[in-house]
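The residues making up each chain are set out below.
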Protein chains: 2
Amino acid sequence: MAIVMYDLVGRDDRRFSPNCWRTRMALAHKGLDHEALPTRFTEIPEIEGGQVKTVPALRDGDRLIVDSWAIAQYLEQAYPERPSLFGGVGGEQVTRFVQSWCVAMLHSELVRVIVADIWLHLTPQDQDYFRSSREKRFGRTLEEVQAGREERMEGFRNSLQPLRMTLKDAPFLGGQQPLYADYLAFGAFQWARVISPFRILAEDDPLKAWFERCPDLHGGIGRSAPGYD
Amino acid sequence: MAIVMYDLVGRDDRRFSPNCWRTRMALAHKGLDHEALPTRFTEIPEIEGGQVKTVPALRDGDRLIVDSWAIAQYLEQAYPERPSLFGGVGGEQVTRFVQSWCVAMLHSELVRVIVADIWLHLTPQDQDYFRSSREKRFGRTLEEVQAGREERMEGFRNSLQPLRMTLKDAPFLGGQQPLYADYLAFGAFQWARVISPFRILAEDDPLKAWFERCPDLHGGIGRSAPGYD
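As a starting point, this report considers the structure included with it. Residue indices begin from 1 for each chain and proceed along its sequence in written order. Chains carry letters and ligands carry numbers; both start at the beginning, A for chains and 1 for ligands, and go up in the order they are written. Per-residue local features are limited, in this predicted model, to residues with pLDDT of at least 70; the limit for side-chain atom pairs, both in listing and counting, is 80 or more; totals at the level of whole chains, interfaces and linings are taken over all residues. Neither water nor hydrogens contribute to the side-chain values; these are computed over all heavy atoms in the structure.

### Examining the overall build of chain A
Next up, step 1: Scanning chain A from terminus to terminus reveals 10 helices and four strands.
Next up, step 2: Secondary structure follows DSSP: runs of H or I at least 4 residues long count as helices, runs of E at least 2 residues long count as strands, and numbering of each begins at the N terminus. Secondary structure elements of chain A, listed N to C terminal, follow the sequence β-α-β-β-β-α-α-α-α-α-α-α-α-α.
Next up, step 3: Against the compact-globule benchmark of 17 Å for 229 residues, chain A has a radius of gyration of 17 Å, which places it among compact chains.
Next up, step 4: With the principal axes as the frame, chain A shows a C-alpha extent of 50 × 45 × 30 Å.
Next up, step 5: Burial statistics for chain A: of 229 residues in total, 58% are counted as buried.
Next up, step 6: Residues are treated as being in contact if the distance between any of their heavy atoms lies within 4.5 Å. Pairs at least 24 residues apart make up 69% of the contacts formed inside chain A by residues separated by at least 6 positions.
Next up, step 7: A 1.4 Å probe and the Shrake-Rupley method give the accessible areas. Residues count as covered only by the protein chains that appear here. Accessible area of chain A: about 9600 Å², with a carbon and sulfur share of 50%. When we talk radius of gyration, it's over C-alpha atoms, and the globule rule is simply 2.2 Å times the number of residues to the 0.38. Think of it in three bands: residues with accessible area under 20% of the maximum for their type are buried, residues over 50% are exposed, and the middle band is partly exposed, with areas taken using a 1.4 Å probe on protein chains only.

Following this line, the structure appears as structure tokens:
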């Protein structure tokens, strides 16, 4: 039986979750047959007999793995003969820092840039859930959170400097070939690309070359996904 | 002949260069006999027959290697039987991102916190060189650059969140044991510790445990170096 991953979906088959993109890219990197099962926010409690609270979640035979990092570790251990996601034990450890940076710097900022756009791309039932849960978290309306995003872009783009510096010397964070570290950062940008027409990177940003390279990987799964371009 | 590294020094044997600390820790990690030769800014043009413009520089037999990253790569290749600095090829690639983050986020901010303190700890000849070259770079006096550092600390400490998140799950960026990634970040903090009485981390910062762990590594070379505590 092929591997099943539960993949967050909005309207029009928009697969927007950054954490799910990490997992999809990891599965593709390993060359593993899988089905990315479209799953709405409000459907999550129904999958896998209620054992799952967040996606991505992965069903591989009798194994159920939840959380994108746990999934990446699982895939690396379960399929060691396939291309490595980390390039060794040190790579796996140090990739944790890239993940922390992505969560602390990319996700936390980007959510404030696209949160109302996410809402616009959800089905009505998910819209209610999303608005109430996120407005409670932010203490403001989604539109208030997103307002003023143009003014925040300069600071955000400056904060990408570590990525820019690293990608000056090699096409991927993984060097000549992508590693899971690339998928961590790509997931964040792909999240925005799928769900929002707002441009995250300036046209002349040297990061653009890397950002345009990633969706073409592994048969172009990032490129062919419904989104904005 | 033992390996010689040229190590930036101020007054009272203060070894303050963050890039030199990376190299010292890397040599100690590899367990390689070496001499860390104290070298003042104004002495650099005189070492190795004028071939060297920056420290750290490493002399190993007939090999001369300049630049801390090139040195780390060299040590890993030349001494593969010794403990690895990267834990594999993926580790080496992804560690480039940690280095970029350290340079872009730690060094660029910390220099504005300690630059006048550095000057205070240099010999008179180095003081002249340092003041004129750095004031030209900043377009302001060293004291003006450093002024207001108390107000900048909240933002700086917030920017350490990726480090904090990663070190919540393991004692080192390298996991249970340190890797070169740890020395990159440690070098920046040690720079400040050696040269400035100003406290970079808040007392209750969870990062403190890691920061106190690093100077005790490898026989406590970070701890025993003249500095502030």
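### Examining the packing of aromatic side chains
Aromatic ring pairs: the centre-centre distance and the angle between the two ring planes describe each pair.
Next up, step 1: Pairs were defined over the aromatic rings of Phe, Tyr and Trp, the Trp ring being its six-membered one, requiring ring centres within 6.5 Å. Orientation was assigned from the angle between planes: stacked under 30 degrees, edge-to-face over 60, tilted for the rest. Under the criterion given, the structure shown has 24 aromatic pairs over all chains.
Next up, step 2: With 6.3 Å between their ring centres and 50° between their planes, F97(A) and F97(B) make a pair best called tilted. Of this pair, F97(A) sits in helix α3 (residues 89-120) while F97(B) sits in helix α3 (residues 89-120), on two different chains. Of the two residues, F97(A) and F97(B), neither departs from the other in class, the shared state being buried.

### A look at the nonpolar core
Next up, step 1: L75(A), L163(A), W210(A), L75(B), L163(B) and W210(B) are the most contacted members of the largest nonpolar core, which has 155 residues in total.
Next up, step 2: In terms of residue count, α3(B) provides more of this core than any other element does, 16 residues in total. For the purposes of this section, nonpolar cores are sets of buried Ala, Val, Leu, Ile, Met, Phe, Trp, Tyr and Cys residues that join through side-chain atoms within 4.5 Å.

### Structural notes on the pairing of strand β2 (residues 34-39) of chain A
Working note: regular strand, side chains alternate between the two faces of the sheet.
Next up, step 1: Note: two strands are recorded as paired if DSSP finds a minimum of 2 bridges between them. Here strand β1 (residues 3-8) of chain A pairs with β2(A) via six bridges, running parallel. Note that in β2(A) the partner of I3(A) across the bridge is H34(A).

### Considerations on helix α8 (residues 180-195) of chain A
Next up, step 1: One less than the number of residues in a helix, times 1.5 Å, gives the span that helix is expected to have. Spanning 16 residues, α8(A) covers 22 Å between terminal C-alpha atoms, matching the ideal 22 Å at 1.5 Å per step.
Next up, step 2: Among the 16 residues that make up α8(A), 16 are buried, leaving the element largely enclosed by the rest of the structure.

### Brief notes about the pattern of salt bridges
Next up, step 1: Any carboxyl oxygen of Asp or Glu that lies within 4 Å of a side-chain nitrogen of Lys or Arg is treated as forming a salt bridge with it. One pass over the structure, following the stated rule, counts 28 salt bridges over all chains.
Next up, step 2: Between R131(A) and E135(A) there is a salt bridge, with its nearest N and O atoms 2.6 Å apart. Placement of both R131(A) and E135(A) in helix α4 (residues 124-138) is noted, with a separation of four residues, approximately one turn of the helix.
Next up, step 3: The exposure class of R131(A) is partly exposed, given its relative accessible area of 22%.
Next up, step 4: A salt bridge links R149(B) to D117(B), with the nearest nitrogen and oxygen atoms 2.9 Å apart. With R149(B) in helix α6 (residues 149-159) and D117(B) in helix α3, this pair connects stretches of sequence that are 32 residues apart.

### Brief notes about the relation of the copies chain B and chain A
Next up, step 1: Superposing chain B onto chain A takes a rotation of 180° plus a shift of 0.0 Å along the axis, which leaves an RMSD of 0.0 Å. Here the symmetry operator amounts to a two-fold rotation axis. The C-alpha atom lying nearest the rotation axis in chain B is that of G91(B); the distance is 1.8 Å.
Next up, step 2: Both copies present the same face, since 100% of the interface residues in chain B are matched by interface residues at the equivalent positions in chain A. When the copies are superposed, the least-squares fit draws on C-alpha atoms of residues that have pLDDT of at least 70 in both.

### Here's the deal with the pairing of strand β4 (residues 63-66) of chain A
Residue and element names in this part refer to chain A.
Next up, step 1: Looking at chain direction, strand β3 (residues 57-60) and β4 are connected through four bridges and run antiparallel. The partner of L58 across the bridge, within β4, is I65.
Next up, step 2: With antiparallel pairing between neighbouring strands as the criterion, β3 and β4 make up a hairpin whose turn holds two residues, including G61 at a positive phi of roughly 60°.

### Structural notes on the sheet that holds strand β1 (residues 3-8) of chain B
Residue and element names in this part refer to chain B.
Next up, step 1: On the basis of which strands lie adjacent, the open sheet formed by four strands has the order β2-β1-β3-β4 and mixed pairing. The sheet is open, and its two borders are formed by β2 (34-39) and β4 (63-66), each paired with just one other strand. Across the sheet, the axes of successive neighbouring strands diverge by a mean angle of 20°, strand direction being ignored.
Next up, step 2: As a rule, the C-alpha atoms of each element are fitted with a line to give its axis, helices using only the stretch in contact, and angles between N-to-C directions run from 0 to 180 degrees. Taken strand by strand, helix α1 (residues 18-30) contacts β1, β2 and β3 (57-60), and its axis lies near 150° from that of β1.

### Section: the interface of chain B and chain A
Next up, step 1: Each side of the interface is counted separately: chain B has 30 residues, and chain A has 30 residues.
Next up, step 2: Here chain B packs against chain A, burying approximately 2200 Å² in sum over the two surfaces, 74% of which is carbon and sulfur.
Next up, step 3: In this description, buried area is defined as the sum, over both parts, of the accessible area (probe of 1.4 Å) that is lost when the two are combined. Among the residues chain B hides against chain A, the three largest losses belong to V94(B), R96(B) and F97(B). Together they make up 30% of the total.
Next up, step 4: At the surface where chain B touches chain A, the tally comes to zero salt bridges.
Next up, step 5: Here a polar contact is recorded for every N or O atom pair within 3.5 Å, except that within protein the pair must consist of a potential hydrogen donor and a potential acceptor, and residues adjacent in sequence are included only if both atoms are side-chain atoms. Counting across the chain B and chain A interface gives 10 residue pairs in polar contact (both at pLDDT 80 or more).
Next up, step 6: Those elements that place two or more of their residues in the side of chain B that touches chain A are α3 and α7 (161-166) of chain B.
Next up, step 7: Of the residues belonging to the side of chain B that touches chain A, the class tally is 17 nonpolar, 11 polar and two charged. Nonpolar residues are Ala, Val, Leu, Ile, Met, Phe, Trp, Tyr, Cys and Pro. Charged residues are Asp, Glu, Lys and Arg, and all others, Gly as well, are polar.

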